Amino acid sequence: MQYRKLGHSGLMVSEIALGTLTFAGKAGFEKTGNVGVAQARRFIDIALDRGVNIIDTADLYSSGGAEEVVGEALGENRNRVVLATKARSPMGEGPNDSGASRFHLIKACEDSLRRLKTDHIDLYQIHNWDGITPAEETLRALEELVKSGKIRYFGTSNYTAWQMMKTLGTAEVNKLIRPISQQIYYTPESREAEFELLPMALDQDIGTLVWGPMGEGLLTGTVRRGVKTPETSRQGNGWPEPYVHDMEHAYNVIDVLAEVGKELNASVAQVCLAWLSSRPGITSLIVGNRTEEHLRENLAAVELSLSDEQRRRIEQTTRPAPRYPYWHRFTSGMDRLDPAEKPFLDEYQQTLDARKDLER
């Protein structure tokens, strides 16, 4: 297991994080799994034994149920892990039971501390952008939580790049503590984060945690072209995520992951995780599991070594079409490319070069 620095902090986290979306399984999360305390304790033991040192949860998951399971299951292992949770989502019917206001965040943090059976949260993440609350209010509430000892660090989740830059700018202008991380959705099938979010993170020294790296079950091998997806899987039971714009493209992605997996005697899921872990700017991949077998399989991905040719093959098959203003930089012959976006721009340039070769 490798450990990577989380953003501009000195905090080191494992390249695989243990996710808890599957814990508790209630209040609308029944289709994700129903991992109870005993099984969760077993998952934590296995993960710790393999070098995982970060556990990610959220107050939203099973309406606090996942946090309760984590709190019961961690026990004496609490201080062996970086414990991360999230707040901002609706947790009641009242007008202040949601959002990133000082009122809601401080209450939400105290509620999470109680459910998690701990006196502090290591990484507190704003689960989604709040378009009503001023960024300064959110940052001052988070700084108050840091100074009170209730949280150690904070980050964001599901922000756009401009929302993160607004947050960072507000922190700089007001001399407030800056977020150290972002949590985003990023898979071989869904590479939109490469256009803004990942270059922003590289430029601003923001750590990137990836939720749903296997596409909420889309890229585990259970979904295959021409085969009915098992109803026992998340993608076969009606779970609404992820949004897939082009299913034919998704099948092509699955095919190349399976092809490389066959060459390496590895699963589709392992190839997916190994490729993502090697991408620019990625700090840790959050894996959620229903069974011990799946957990062990996912953790073994850190031992998988893809050849340069295999990485290129996956990248070429999964590459999205260049978007404006990126394609304009190529067609107009712009120089002096930003180092934070150059790793991605170089790949998109190959698409245009290949097209020119075909036209000759």
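Here the structure is a predicted model, which means the values were calculated and not measured.

1. Observations concerning the overall build of the protein chain
The helix and strand tally for the protein chain stands at twelve helices and ten strands. Taking the principal axes of its C-alpha atoms as reference, the protein chain extends roughly 65 × 50 × 35 Å. The buried share among the 360 residues of the protein chain stands at 54%. Long-range pairs, those at least 24 residues apart, make up 78% of the contacts in the protein chain between residues at least 6 apart in sequence. When the accessible surface of the protein chain is summed, it comes to about 16,200 Å², and 49% of that surface belongs to carbon and sulfur atoms. Averaged over its 43 positive side-chain charges, the protein chain has a centre that lies 1 Å from the centre of its 51 negative ones.

2. Let's talk about the layout of surface pockets
Approximately 880 Å³ is the volume found for the largest pocket. Contributing to the lining of the largest pocket are 39 residues, with L21, G212, E216, G217 and R234 lying nearest its centre. Of all the secondary structure elements, the ones that give two or more residues to the lining of the largest pocket are β10 (284–287) and α9 (292–299). A total of three residues in the lining of the largest pocket trace back to one element, the largest contributor, which is α9.

3. Things to note about the packing of helix α7 (residues 247–264) against helix α10 (residues 308–318)
Interhelical geometry of α7 versus α10 gives an angle of 170° and a closest axis separation of 9 Å. One element, α7, and the other, α10, form an angle in the roughly antiparallel class. Side by side, α7 and α10 meet where H249, N252, V253, V256, L257, E259, V260, E263 and L264 of the first sit next to Q310, R313, I314, T317 and T318 of the second. When grouped by side-chain class, the residues that make up the contact of α7 with α10 number six nonpolar, five polar and three charged.

4. Structural notes on the pairing of strand β8 (residues 181–185)
Within β8, five of the five residues are buried, leaving the element largely enclosed by the surrounding structure. Side chains S181, Q183 and Y185 project from β8 onto one buried face, and the interleaved Q182 and I184 project onto a second face that is buried too. Two elements, strand β7 (residues 151–157) and β8, share two bridges in a ladder whose sense is parallel. Across the sheet, the residue bridging to S157 is Q183, located in β8. Tracing the backbone out of β7, into helix α5 (residues 161–173) and back to the parallel element β8 gives a crossover that is right-handed. When β8 meets strand β9 (residues 207–211), the two strands line up parallel, connected through five bridges. Pairing of Q182 across the sheet is with T208, part of β9.

Cut-offs applied
Think of each chain on its own: its residues are numbered from 1, step by step along the sequence as written. Per-residue local features of the predicted model are confined to residues with pLDDT of at least 70, and side-chain atom pairs are confined, for both listing and counting, to 80 or more; whole-chain, interface and lining totals are unaffected and use all residues. Water and hydrogen atoms were dropped before computing side-chain values, which therefore reflect all heavy atoms in the structure. Counting from the N terminus, the helices are DSSP H or I runs at least four residues long and the strands are E runs at least two residues long. Residue burial is assigned from relative accessible area. The probe radius is 1.4 Å, only protein chains are included, and a residue is buried under 20% of its type maximum, exposed over 50%, and partly exposed in between. Residue contacts are defined here by distance: any two heavy atoms, one from each residue, within 4.5 Å place the two residues in contact. Computed with the Shrake-Rupley method and a 1.4 Å probe, the accessible areas treat only the protein chains shown as cover for residues. Charged residues are defined here as Lys and Arg on the positive side and Asp and Glu on the negative side; His and the ends of the chain fall outside this count. By convention, the point assigned to a charge is CZ for Arg, NZ for Lys, CD for Glu and CG for Asp. Cavities and pockets are found on a 1 Å grid laid over the protein atoms alone: a cavity is a set of points where a 1.4 Å probe fits but cannot escape, a pocket is an open set with protein on both sides within 12 Å along at least five of seven lines, and a lining residue has an atom within 4 Å of such a point. Grid points are joined across faces, edges and corners, and a volume is the space filled by probe spheres set on the points. To get an axis, fit a line to the C-alpha atoms, keeping to the stretch in contact for a helix; angles then go from 0 to 180 degrees between the N-to-C directions. Roughly parallel covers angles under 35 degrees, roughly antiparallel covers those over 145, roughly perpendicular covers 65 to 115, and oblique covers all other angles. As a working rule, the residues Ala, Val, Leu, Ile, Met, Phe, Trp, Tyr, Cys and Pro are called nonpolar, Asp, Glu, Lys and Arg charged, and the rest polar, with Gly in that last group. Between any two strands, pairing holds if DSSP finds at least two bridges. Handedness is read with the strands pointing away from the viewer; a crossover is right-handed when the path from the first strand over the helix to the second is clockwise.

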